[in-house]
Amino acid sequence: MGVALVGCALIAVASGGGRSPAPNLVPLVLARGYVAGVAGGNFGVSLRAGQLFHATVNQHDLDLAVCLYTPKGALAAAVDAFEYGSESISHVAEIDGVYRIEVVPVDLTSRGAFEIVLDAVRLPVPDDDARIKAEQLSTQMKRSQNSTKPGEAGQGLQSGRGALQQIGRAHV
């Protein structure tokens, strides 16, 4: 399980299952949040099937995972590619409804502020596939770099090269 998925899974387990309930959501346009322990931010964005969602989280000095849940509560996407700076998450909606974005600290003792910005809700273009793949590969690279298992560091380097190739294709 990836580092981002671990953060998302902690919330799901704490709430009693693999699906995470939809708490009161802050509509996502430009939002600021504060991380205090396991409590992160919950934001909502309304999507139609086939629309691309893209948001950026400015982590500042925190290490945060960003989790996207479908209207039914299933985990749709998760990223945790960088220890600080910006995290980017993109997803093409499969069903209509309000999707929940959850920002969770990777280190449960973390405290601090972050911002999340909705960059796009639109129909996808061909470059978006490369952006989504680059986000996934970057998360895999971080997980591999932090692993103590033999051979996973090489996989991290390979994921990093793949992410750079995808970013070049996406023109992001």
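Residues numbered from 1 in each chain as written. Predicted model: local features only at pLDDT ≥ 70, side-chain atom pairs only at ≥ 80, totals over all residues. Heavy atoms only, no water.

## Thoughts on the overall build of the chain
What counts here: Secondary structure follows DSSP: runs of H or I at least 4 residues long count as helices, runs of E at least 2 residues long count as strands, and numbering of each begins at the N terminus. Any residue under 20% of the maximum accessible area for its type is buried, any over 50% is exposed, and the rest in between are partly exposed; the area is computed with a 1.4 Å probe on protein chains only. The contact rule is simple, with two residues in contact once any of their heavy atoms fall within 4.5 Å. What sets the accessible areas is the Shrake-Rupley method with a 1.4 Å probe; for residues, cover comes only from the shown protein chains.
Within the chain, the secondary structure is distributed over 3 helices and 9 strands. Counting from the amino terminus, helix and strand elements in the chain follow one another as α-β-β-β-β-β-β-β-β-β-α-α. Counting across all 172 residues of the chain, residues that qualify as buried make up 45%. Sequence-distant contacts, at least 24 apart, represent 77% of the contacts inside the chain between residues at least 6 apart. A total of about 8,800 Å² of accessible surface is found on the chain, and carbon and sulfur atoms cover 56% of it.

## A few points about unusual backbone geometry
At histidine 60, a residue that is not glycine, the phi angle is positive and equals roughly 55°. Here histidine 60 is to be found in strand β4 (residues 52–60). For histidine 60, a relative accessible area of 33% corresponds to the partly exposed category.

## Describing the pairing of strand β8 (residues 97–105)
As a reminder of what qualifies: Two strands are counted as paired when DSSP detects at least two bridges linking them.
Counting buried positions along β8 gives 7 out of 9 residues, so the element sits mostly inside the fold. Looking at chain direction, strand β5 (residues 64–69) and β8 are connected through 6 bridges and run antiparallel. The residue bridging tyrosine 69 from the neighbouring strand is arginine 100, located in β8.

## Some details on the nonpolar core
When a protein is soluble and globular, its nonpolar side chains tend to lie buried together. Rule in force here: The criterion is simple. A nonpolar core is a set of buried Ala, Val, Leu, Ile, Met, Phe, Trp, Tyr and Cys residues joined through side-chain atoms within 4.5 Å.
Of all hydrophobic cores here, the largest spans 19 residues; its most connected members are Phe53, Val57, Leu68, Ile89, Ile101, Val103 and Ile116. Listed by contribution, the elements that provide at least two residues to this core are β3 (41–47), β4, β5, β6 (75–79), β8 and β9 (111–122).

## So, the pattern of salt bridges
The condition is simple: By definition, a salt bridge exists where a carboxyl oxygen of Asp or Glu is found within 4 Å of a side-chain nitrogen of Lys or Arg.
Per the stated rule, a full pass over the model turns up 3 salt bridges. Between arginine 48 and aspartate 96 there is a salt bridge whose closest N-O contact spans 3.9 Å. Residue arginine 48 is located in the loop between β3 and β4, and its partner aspartate 96 is located in the loop between β7 (85–92) and β8; the two are separated by 48 residues in the primary sequence. When the shortest N-O distance is used, the salt bridge between glutamate 102 and arginine 100 registers 3.3 Å. For the pair glutamate 102 and arginine 100, a shared accessibility class is recorded, and that class is buried.

## A look at the environment of leucine 52
With respect to the helices, strands and loops of the structure, leucine 52 is situated in strand β4. Residue classification places leucine 52 among the buried residues on the basis of a relative accessible area of 1%. For the pair leucine 52 and serine 90, spaced 38 residues apart in sequence, the C-alpha to C-alpha distance is 7.0 Å. Contacts of leucine 52, omitting those with residues within four sequence positions, involve Ser90, His91, Val92, Ala120, Val121, Arg122, Pro124, Asp128 and Ile132.

## Quick notes on the pairing of β6
Pairing of β5 with β6 involves 4 bridges; the strand directions are antiparallel. Among the inter-strand pairings, leucine 68 is bridged to a residue of β6, identified as alanine 77.

## Some thoughts on the confidence of the model for the chain
Note the following rule: Confidence scores per residue from the predictor, reported as pLDDT, run from 0 to 100.
A residue-level look at the chain finds 60% of positions with pLDDT of 70 or above and a mean pLDDT of 73. Least confident of the elements in the chain is helix α3 (residues 152–170), whose mean pLDDT is 48; most confident is β6, at 92. Every residue in residues 11–21 is under pLDDT 50, and counting partners more than four places away or in other chains gives 16 contacts. This model gives residues 162–167 a pLDDT under 50, and the stretch forms 10 contacts once residues within four places in sequence are excluded.

## Focus on the side chain of aspartate 128
Put simply, the rule is: Polar contact is defined as a pair of N or O atoms within 3.5 Å, subject to the rule that within protein one atom must be able to donate a hydrogen and the other to accept it, and that residues adjacent in sequence are counted only when both atoms are side-chain atoms.
Counting through the fold element by element, aspartate 128 comes out in helix α2 (residues 126–145). Residue aspartate 128 is classed as buried on the basis of its relative accessible area of 2%. Within the local environment of aspartate 128, its side chain forms a polar contact with the side chain of arginine 122, the two groups lying 2.7 Å apart. With residues near it in sequence (within four places) discarded, aspartate 128 still touches Leu52, Arg122 and Leu123.

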